[in-house]
Amino acid sequence: MHRTTPNCQAYRAAILHFHADPAFDDKAYAWHEDGLLIVADGHVQAAGEYALLHSRLPEGVMVQDYRGKLIVPGFIDTHIHYPQTEMIASPAPGLLPWLQTYTFPNERKFADAEHAGEVARFFLDELLRCGTTTAMVYCTVHPASVDAFFAESEKRQLRMVAGKVLMDRHCPEFLCDTAESGIRESEELIRKWHKRGRQLYAITPRFAATSSEAQLQLAGELARAYPDTFLQTHVAENTDEVAWIKALFPDARSYLDVYDRYGMLRPRAMYAHCIWLDDRDRERMRETQSATAVCPTSNLFLGSGLFDFAKADAMRLPLSLASDVGGGTSFSMLQTMNEAYKVARMGGTHLPALRMFYLATLGGARSMQLEGTIGNFATGAEADFIVLDPQATPLLARRTARAENLEEMLFAFALLGDDRAVTATYSAGKLVI
Ligand SMILES: [Zn+2]
């Protein structure tokens, strides 16, 4: 243990990470007020009390001193659209007009690999600036948009999940797959990118309204042929959309049931929104270990509805937080927590900050079946972490100086923090911003 390890680094700060969901477990987290995080070859070697761990440091390892700051695992955003980066904050009366007016014309530009690469670079910079080290990302229907995204992510050695959108009806001609071409291109992309370095592929039907029954059928078959890939789509976001799905699939019991019929409820399937579900739907989500991406800034912005935390928790559904940019209004998971808190309040629920930090870290990892790989500082996990500064703004400094316990400090970060609160972002043990 006393030999110099060239790829070993150590970081001293307050350290917080989770082993379980604090909503259901009293001993869900580890908190070290004067902590040390030891990283070797891009993986966590140890996280604990400085006083206990510093003597275990190999000789010659410099300790990066972040005292006064807080180290947590990198945030995980389980639902975001990188091609919508430039159209964030576009005004429209609801989801369907917003798609027609802004989203589709904007996504058209991603047939051009150069444009896609330029936006991917900005997008990843912005995520990292906000402390998000892993995201589940929608590209466009163009395979070039996926290649551009993964190439940029791979260059930075980030742990990202992404996929080509499948869409063969109810969309402009210029964004239209056929059922077969969409699946063929997805399969080529799976072979090229899935598990290449830290890249992971997600089969990505946009939502049931824009895929024909033939395409949904084939997407379900593809998911069965590649069971360790991810799957992502939208469900039950707003009432107009739910009514449209009912008209398109009159035999389905519910919107979620459409996906169920095609075998798309499964582990590693991420369903964005899940606002207008009923208990039978929630039961199916639980039985199949399908995960929910709660997207509060988007749901408020588009006026879609309020996610019901109480009903989801009553069923112990796997939950995670997501920005849903460009429907969402911030890349920051701290701002996402801020809005999640208010959405929960409107439903009569109190979301403690500890829970929100869990949802944005280990909750995301668990929802993606990536616990042990990312999401906390378990020994051997990939060393994706961020450094938060409680004095990042005058108001945050003033409030956190008066915080009497961990919950109060985290709550101040969640309600008052944003990208400014993130001092440093590390991915696989390397400083990336
Ligand atoms: Zn979305």
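Everything here concerns the structure above.
These lines cover the structure that appears in this document, whether it is placed above or below. Here the structure is a predicted model, which means the values were calculated and not measured. (Residues numbered from 1 in each chain as written. Predicted model: local features only at pLDDT ≥ 70, side-chain atom pairs only at ≥ 80, totals over all residues. Heavy atoms only, no water.)

## Digging into the overall build of the protein chain
Using the following cut-off: Secondary structure elements are taken from DSSP: a helix is a run of H or I of four residues or more, a strand is a run of E of two residues or more, and numbering for both begins at the N terminus. When we talk radius of gyration, it's over C-alpha atoms, and the globule rule is simply 2.2 Å times the number of residues to the 0.38. Note on contacts: a residue pair qualifies if any of its non-hydrogen atoms lie within 4.5 Å across the two residues. For the area figures, the Shrake-Rupley method with a 1.4 Å probe applies, and any residue is considered shielded solely by the protein chains shown. We treat Lys and Arg as the positive residues and Asp and Glu as the negative residues; His and chain ends play no part in the count. Taken as the charge centre is NZ of Lys, CZ of Arg, CG of Asp or CD of Glu, depending on the residue.
For the protein chain, the count of helices and strands is 16 helices and 16 strands. Whereas a compact globule of 433 residues would reach a radius of gyration of roughly 22 Å, the protein chain reaches 21 Å, a difference of no more than 12%. When contacts within the protein chain are restricted to residue pairs at least 6 apart in sequence, long-range pairs at least 24 apart make up 75% of them. Surface accessibility of the protein chain: about 16200 Å² in total, with carbon and sulfur atoms responsible for 50%. Once the 43 positive and 54 negative side-chain charges of the protein chain are each reduced to a mean point, those two points are 3 Å apart.

## Section: helix α4 (residues 143–155)
As a reminder of what qualifies: Working rule for helices: expected span equals 1.5 Å times residues minus one.
With 13 residues, α4 should reach 18 Å at 1.5 Å per residue; the first-to-last C-alpha distance of 18 Å fits that figure. Buried-residue contacts for α4 involve α3 (113–129), β6 (132–138), β7 (160–163), α5 (179–193) and β9 (199–205). Among the residues trailing α4, Q157 stands out with phi positive, at a value near 55°.

## Details of the coordination of the zinc ion
Heads up, the rule is: Counted as donors are the N, O and S atoms within 2.8 Å of the metal, or 3.2 Å for Na, K and Ca, while water is not among the atoms, so some sites may look incomplete. Between 85 and 135 degrees for all angles marks four donors as tetrahedral; over 155 degrees for opposite donors together with 65 to 115 for all other angles marks four donors as square planar and six as octahedral; every other arrangement is irregular.
Within the protein, the atoms that donate to the zinc ion are H79 (NE2), H81 (NE2), H234 (NE2) and D324 (OD), at distances of 2.1 to 2.3 Å. Because the angles between the four donor atoms bound to the zinc ion fall within 87 to 170°, the donor set is best described as irregular. Each donor residue of the zinc ion lies on the same chain, and together they follow the pattern H-x1-H-x152-H-x89-D. Here H234 lies in strand β10 (residues 230–235) and H79 lies in strand β5 (residues 75–81), a separation of 155 residues in the sequence.

## Some details on the environment of A236
So the rule is basically this: Accessible area is worked out with a 1.4 Å probe on protein chains only. A residue is then buried under 20% of its type maximum, exposed over 50%, and partly exposed in between.
Secondary-structure assignment places A236 in the loop between β10 and α7 (239–248). The buried category is assigned to A236, whose relative accessible area is 0%. Between the C-alpha atom of A236 and that of V258, which follows or precedes it by 22 residues, the distance is 11 Å.

## Regarding the pairing of β9
Counted only if it meets this: Strand pairing is defined by DSSP finding a minimum of two bridges between the two strands. By convention a crossover is right-handed if, when the strands point away from the viewer, the path from the first strand over the helix to the second runs clockwise.
Of all seven residues in β9, seven are buried; the element is thus mostly enclosed. As judged from the two bridges shared by strand β8 (residues 165–166) and β9, these two strands associate in the parallel manner. Residue pairing in the sheet places V165 in a bridge with T204 of β9. The parallel pair β8 and β9 is bridged by α5, and the resulting crossover is right-handed. Two elements, β9 and β10, share two bridges in a ladder whose sense is parallel. In the sheet register, A202 faces β10, and the bridge partner there is F230.

## Here's the deal with unusual backbone geometry
Cis geometry marks the peptide bond from V325 to G326; its omega dihedral reads 0°. Its location among the elements puts G326 in the loop between β13 (319–321) and α12 (333–346). Unlike most non-glycine residues, D41 shows phi in positive territory, near 50°. Here D41 lies in the loop between β2 (29–40) and β3 (43–49). The class for D41 is exposed, based on a relative accessible area of 52%. With a phi angle near 50°, A236 is a residue other than glycine that sits in the positive phi range.

## Side note on the sheet that holds strand β4 (residues 63–73)
The mixed open sheet is built from seven strands, whose spatial order is β3-β2-β1-β4-β14-β15-β16. Every other strand in the sheet has two partners, leaving β3 and β16 (430–431) as the edge strands with one partner each. Here β2 runs beside β3; their pairing, made up of six bridges, is antiparallel. Following the sheet pairing, I38 is matched in β3 by A46.

## Topic: the nonpolar core
Defined as follows: Only buried Ala, Val, Leu, Ile, Met, Phe, Trp, Tyr and Cys residues count toward a nonpolar core, and they belong to the same one when joined by side-chain atoms within 4.5 Å.
Counting 125 residues, the largest nonpolar core has Y82, F149, Y271 and F309 as its most contacted members. Setting aside anything within four residues of it in sequence, one finds Y82 in contact with F110, A116, V119, A120, F123, V137, Y138, C139, S145, A148 and F149.

## As for the side chain of D177
Counted only if it meets this: Counted as a polar contact is a pair of N or O atoms within 3.5 Å, where, for protein atoms, one must be capable of donating a hydrogen and the other of accepting one, and residues adjacent in sequence contribute only when both atoms are in side chains.
Mapped onto the secondary structure, D177 falls in the loop between β8 and α5. In this structure the side chain of D177 is engaged in a polar contact, spanning 2.8 Å, whose partner is the side chain of K164. Setting aside residues up to four positions removed in sequence, D177 forms contacts with V141, K164, V165, L166, M167, D168, G182, E185 and Q215.

## Side note on the side chain of N338
Structurally, N338 can be placed in helix α12. What makes N338 buried here is its relative accessible area of 6%. Side chain to side chain, N338 and K342 meet in a polar contact 2.9 Å long. Polar side-chain contacts of N338 include one of 3.3 Å to the backbone oxygen of L415. The contact partners of N338, leaving out residues within four places of it in the chain, are A414 and L415.

## Description of a nonpolar patch on the surface
Under the convention used in this document: Like-charged residues within 9 Å of one another, or nonpolar side chains (Val, Leu, Ile, Met, Phe, Trp, Tyr) within 5 Å, are grouped into patches, provided each residue has over 30% relative accessible area and no salt bridge. Whenever Lys or Arg places a side-chain nitrogen within 4 Å of a carboxyl oxygen from Asp or Glu, that contact is recorded as a salt bridge.
A surface patch of nonpolar side chains, amounting to about 290 Å² of accessible area, comprises L300, L306 and M346. Assignment of secondary structure puts L306 in the loop between α10 (296–301) and α11 (309–314). For L306, a relative accessible area of 36% translates into the label partly exposed.

## Points about the pairing of strand β12 (residues 291–294)
Here β12 shows two buried faces, one formed by A291 and A293 and the other by T292 and V294. Across three bridges, the pairing between strand β11 (residues 269–273) and β12 is parallel. Counted as the bridge partner of M270 is A291 from β12. Remark: the β11/helix α9 (residues 279–288)/β12 crossover connection has right-handed handedness.

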